[in-house]
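# Examining the three-dimensional arrangement
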Amino acid sequence: WEFNGSFYQPSAFLMMGIPGLEALHHWISIPFCALYLIALLGNCVILFIIKKTPSLHEPMYYFLSMLAVTDLGLVLCTLPTTLGLFWFDMRRIGFDACLTQMYFIHILSFTESSVLLAMAFDRFIAISHPLRHSSILTKTTIIKIGLAIILRAMVSLLPIPFLLKRLTYCRKTELSHSFCFHPDIMNLACADIKVNVFYGMIILLSTVGMDFIFIVLSYILIIKTVIGLATKEECLKALNTCVSHICAVLVFFIPMIGLSMIHRFGKNVPPLVNTLVAYTYLIIPPALNPIIYSIKSSHIREALLRALRRKSD
């Protein structure tokens with residue numbers, strides 16, 4: 001412990017695995033390894049196919065590339081501490097290292113939310129103004145959107161580590177997860193955390209909350225446009241292009257909202273539920289997104305099959 005008058009700050013935190021199942025961590029690591037492997041390989045394959053296939057150099061697939069890069073970042077942020085804990089019982093993480101991991105996890109989460117919003121906007125333009133789609137979402141515009149997404153996440157979350165460093169902490173140093181999460185660290189403090197709670201809530205609502213609202217509005221406008229189409233076949237064809245994105249939105253936002261509610265209002269929720277929701281939020285979307293898009297996008301499937309045929313020849 002560092003001591004300065006009445007100010008206490010831990011030199012490190014202790015991460016937790018799955019409560020009550022510590023003896024089974026080696027066996028539990030098997031499905032985690034499988035999910036991490038699927039996420040890493042799946043997203044790398046998506047990026048490789050999009051890069052090597054000129055016909056996929058379109059706005060929809062540029063945004064899908066952003067989603068894949070974000071998912072890879074989330075995987076690489078949590079993989080070392082999660083597998084280190086399950087394999088080698090490495091529970092200790094330095095205070096500053098914990099804040100750094102937390103900062104990047106939240107940046108990537110906010111980035112994924114914004115990318116999903118950009119993808120919803122892309123679908124709206126593609127369905128409502130198909131002839132102007134490529135002229136509205138040019139490469140320059142997409143690059144600007146990507147930079148704006150990253151800057152918004154970085155700037156809005158920049159005060160969070162400093163707000164945590166100013167707090168005095170109790171002697172309890174056990175985190176609820178195998179990674180660092182802002183509400184989790186904040187709740188270990190023995191000081192007034194109203195500023196942290198207020199700022200965290202404002203940032204969450206003004207970024208992820210607004211993203212979700214605009215995604216819903218985009219789909220209301222998409223449905224309104226689709227209803228006006230001449231035939232049932234055209235209507236189903238237009239909606240079919242949105243299925244992958246809708247699945248990705250649900251896979252990301254449902255566990256994220258659940259985890260946020262648990263940390264803020266679920267004082268009596270069993271620790272096991274808290275842990276499972278947290279792992280679902282950070283590991284399942286990166287693993288499922290490439291599968292969802294590979295299954296639903298015929299263009300990606302065909303490009304993948306062509307690449308496999310060339311390898312076999």
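Residues numbered from 1 in each chain as written. Predicted model: local features only at pLDDT ≥ 70, side-chain atom pairs only at ≥ 80, totals over all residues. Heavy atoms only, no water.

Applicable threshold: UniProt positions are given in the numbering used here, feature names are shortened, and annotations may be inferred rather than shown by experiment.
The name given to the protein chain in an unreviewed UniProt entry is Olfactory receptor, and the organism recorded there is Syrrhaptes paradoxus. Heading Sequence similarities (unreviewed entry) of the UniProt record for the protein chain holds this comment: "Belongs to the G-protein coupled receptor 1 family."

### Considerations on the packing of aromatic side chains
This is how it is decided: Pairing of aromatic rings covers Phe, Tyr and Trp, the last through its six-membered ring, and needs centres within 6.5 Å; plane angles under 30 degrees mean stacked, over 60 mean edge-to-face, and all others mean tilted. Starting at the N terminus, helices and strands are each numbered in turn, a helix being any DSSP run of H or I of at least four residues and a strand any DSSP run of E of at least two. Each residue is placed in one exposure class: buried if its accessible area under a 1.4 Å probe, protein chains only, is under 20% of its type's maximum, exposed if it is over 50%, and partly exposed if it falls in between.
Counted by the stated rule, this structure contains 13 aromatic pairs. Residues Phe252 and Tyr281 carry aromatic rings whose centres are separated by 6.1 Å and whose planes lie at 50° to one another, so their mutual orientation is tilted. With Phe252 in helix H10 (residues 243-265) and Tyr281 in helix H11 (residues 271-296), the pair connects residues that are 29 residues apart, well separated along the chain. The exposure class assigned to Phe252 is buried, which follows from its relative accessible area of 1%. An aromatic cluster is built from Phe181, Phe212, Phe252, Phe253 and Tyr281, whose rings are joined through pairwise contacts.

### Concerning the nonpolar core
Using the following cut-off: To define a nonpolar core, start from buried Ala, Val, Leu, Ile, Met, Phe, Trp, Tyr and Cys residues and group those joined through side-chain atoms within 4.5 Å. Working rule for contacts: check all heavy atoms of both residues, and any pair within 4.5 Å makes them a contact.
Counting 89 residues, the largest nonpolar core has Phe13, Leu64, Leu116, Leu164, Tyr169 and Ile185 as the members making the most contacts within it. For this core, the element with the most residues is helix H3 (residues 95-128), which contributes 18 residues. Those residues in contact with Leu64 that lie beyond four places of it in its chain are Ile46, Ile50, Met119, Tyr293 and Ile300.

### Observations regarding the pattern of salt bridges
A side chain of one charge can pair with a side chain of the opposite charge if their charged atoms are brought near each other. Put simply, the rule reads: For this analysis, a salt bridge means a side-chain nitrogen from Lys or Arg found within 4 Å of a carboxyl oxygen belonging to Asp or Glu.
This structure, assessed with the given rule, holds 4 salt bridges. Between Lys165 and Asp96 there is a salt bridge, with the nearest N and O atoms lying 3.0 Å from each other. Here the residue Lys165 occupies a position in helix H6 (residues 159-165), and Asp96 occupies one in helix H3, the gap between them amounting to 69 residues.

### Considerations on the UniProt feature "transmembrane region" (unreviewed entry) in the protein chain
In the numbering used here, UniProt assigns the feature "transmembrane region" (unreviewed entry) to residues 24-50, 62-88, 100-121, 142-164, 197-222, 243-264 and 276-295. Along residues 197-222 one finds 100% helix and 0% strand; the C-alpha atoms at either end are 36 Å apart. Secondary structure content for residues 243-264 is 100% helix and 0% strand, while the C-alpha to C-alpha distance between its ends is 32 Å.

### Some words on the state of the cysteines
For clarity, the threshold we go by: We call a pair of cysteine sulfur atoms a disulfide when they lie within 2.5 Å.
Under the counting rule described, the total for this entry stands at 2 disulfides. Between Cys98 and Cys180 runs a disulfide, and the two sulfur atoms are separated by 1.9 Å. Judged by the sign of its S-S torsion, about -120°, the cystine formed by Cys98 and Cys180 is left-handed. Note that Cys98 is positioned in helix H3 and Cys180 in the loop between H6 and helix H7 (182-186), a separation of 82 residues in sequence. Assigned by exposure class, Cys98 and Cys180 land together as buried. What pairs with Cys170 in a disulfide is Cys190, and their sulfur atoms sit 1.5 Å apart. On the sign convention where negative means left-handed, the S-S torsion of about 135° between Cys170 and Cys190 marks this disulfide as right-handed. Pair noted here: Cys170 is in the loop between H6 and H7 and Cys190 is in the loop between H7 and helix H8 (194-227), with a separation of 20 residues, a long-range link. Sequence-ordered numbering of the bonded cysteines in the protein chain gives a pairing of 1-3, 2-4. Unpaired in terms of disulfides, Cys44 finds its nearest cysteine sulfur in Cys77, a separation of 15 Å.

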